[in-house]
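Architecture at a glance
These are the residues of each chain, in order.
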Amino acid sequence: MPIRILLADDHKIMRAGLRSLLEKHQNIEVVGEAENGRRAIQMTLEVKPDVVIMDVSMPELNGIEATRQITSSLPGTKVIALSMYSDKRFVVGMLQAGAVGFLLKDCASQDLARAITAVASGQNYLSPEIAGVLIDVYIHRFSSSDGTGQVLTAREREVLQLIAEGWSTKDIASRLYVSIKTVETHRRQIMKKLD
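Residues numbered from 1 in each chain as written. Predicted model: local features only at pLDDT ≥ 70, side-chain atom pairs only at ≥ 80, totals over all residues. Heavy atoms only, no water.

A word on the overall build of the protein
- When helices and strands are tallied, the protein shows nine helices and six strands.
- Relative to the globule expectation of 16 Å for 195 residues, the C-alpha radius of gyration of the protein, 17 Å, shows essentially globular dimensions.
- In the protein, which comprises 195 residues, the proportion classed as buried is 43%.
- As displayed, the protein offers around 10300 Å² of accessible surface, 51% of which is attributable to carbon and sulfur atoms.
- Taking the 24 positively charged and 23 negatively charged side chains of the protein as two groups, their mean positions are separated by 5 Å. (Helix = DSSP H or I, 4+ residues; strand = E, 2+ residues; numbered from the N terminus. Rg over C-alpha atoms; globule rule 2.2 N^0.38 Å. Buried < 20%, exposed > 50% of the residue type's maximum accessible area, 1.4 Å probe, protein only. Areas by Shrake-Rupley, 256 points an atom, 1.4 Å probe, with all protein chains shown as cover. Lys, Arg positive; Asp, Glu negative; His and termini not counted. Charge placed at Lys NZ, Arg CZ, Asp CG, Glu CD.)

Details of unusual backbone geometry
- One non-glycine residue, lysine 48, lies in positive phi territory at about 45°.
- Examined against the element boundaries, lysine 48 turns out to sit in the loop between α2 (37-47) and β3 (51-55).
- Residue class for lysine 48 comes out partly exposed when judged on its relative accessible area of 47%.
- The backbone of tyrosine 177 shows a phi angle near 60°, a positive value even though the residue is not glycine.

Notes on the packing of aromatic side chains
- One pass over the full model with this rule turns up one aromatic pair.
- Between tyrosine 85 and phenylalanine 90, the ring centres sit 5.9 Å apart and the planes meet at 35°, which makes this aromatic pair tilted.
- A residue is classified by how much of its surface remains accessible, and tyrosine 85, at 41% relative accessible area, is partly exposed.
- Taking the relative accessible area as the measure of exposure, phenylalanine 90 reaches 23% and is therefore partly exposed. (Phe/Tyr/Trp six-rings, centres within 6.5 Å; stacked < 30°, edge-to-face > 60°.)

Side note on the sheet that holds β3
- If you walk across this open sheet you meet the six strands as β2-β1-β3-β4-β5-β6, and the pairing is parallel. One side of each edge strand has no neighbouring strand; the edge strands of this open sheet are β2 (28-34) and β6 (125-126).
- As judged from the two bridges shared by strand β5 (residues 101-104) and β6, these two strands associate in the parallel manner. Bridge assignment links glycine 101 to a residue of β6, and that residue is tyrosine 125.
- Docked against the sheet, helix α1 (residues 12-22) engages β1 (3-8), β2 and β4 (78-83), running at close to 170° with respect to β2.
- Each of β1, β2 and β3 touches α2; the most contacted strand, β2, lies at about 135° to it. (Pairing = 2+ DSSP bridges. Contact = heavy atoms within 4.5 Å. Axes fitted to C-alpha atoms, helices over the stretch in contact; angles between N-to-C directions.)

Written out as structure tokens, the structure is:
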């Protein structure tokens, strides 16, 4: 059964291009398009897609608020943010609103298809640029707090980046040439340090 997608973007040509790219994948079906945040919410409630590809900046209701309303009304529907901007306010805003993926619009079509497949199966997906933004946000927040915390080591930042990109513990261990247990230890330390 294909993954059912709703496209929400205020640019008609962008929606048409996304539809054309996504329909080349046999496991993906575009079931609707919305030109603004309010219409995205309405259509999501009507067609109940598996995944909504949500532009962050849209008229009438922005992608952040639309995402918040969609994820609270239909928790089974996953939202992937798709934006031209990697500004930390947009990234953090979308993730706090309930998005489980974030890609930049200049990503390759394979990245978008990979993100859709990942979030439909319950994983998170962040493009490497977005994962880097989040790491910077956490490091800045951490270092600008009361100063008593510990900063992530280079290896912990590397593990965090790979986790944010959706890599499994086994794949991270293989990529970094360490044991699965070592990756799990790094994961525990990251969670402890970042609270």
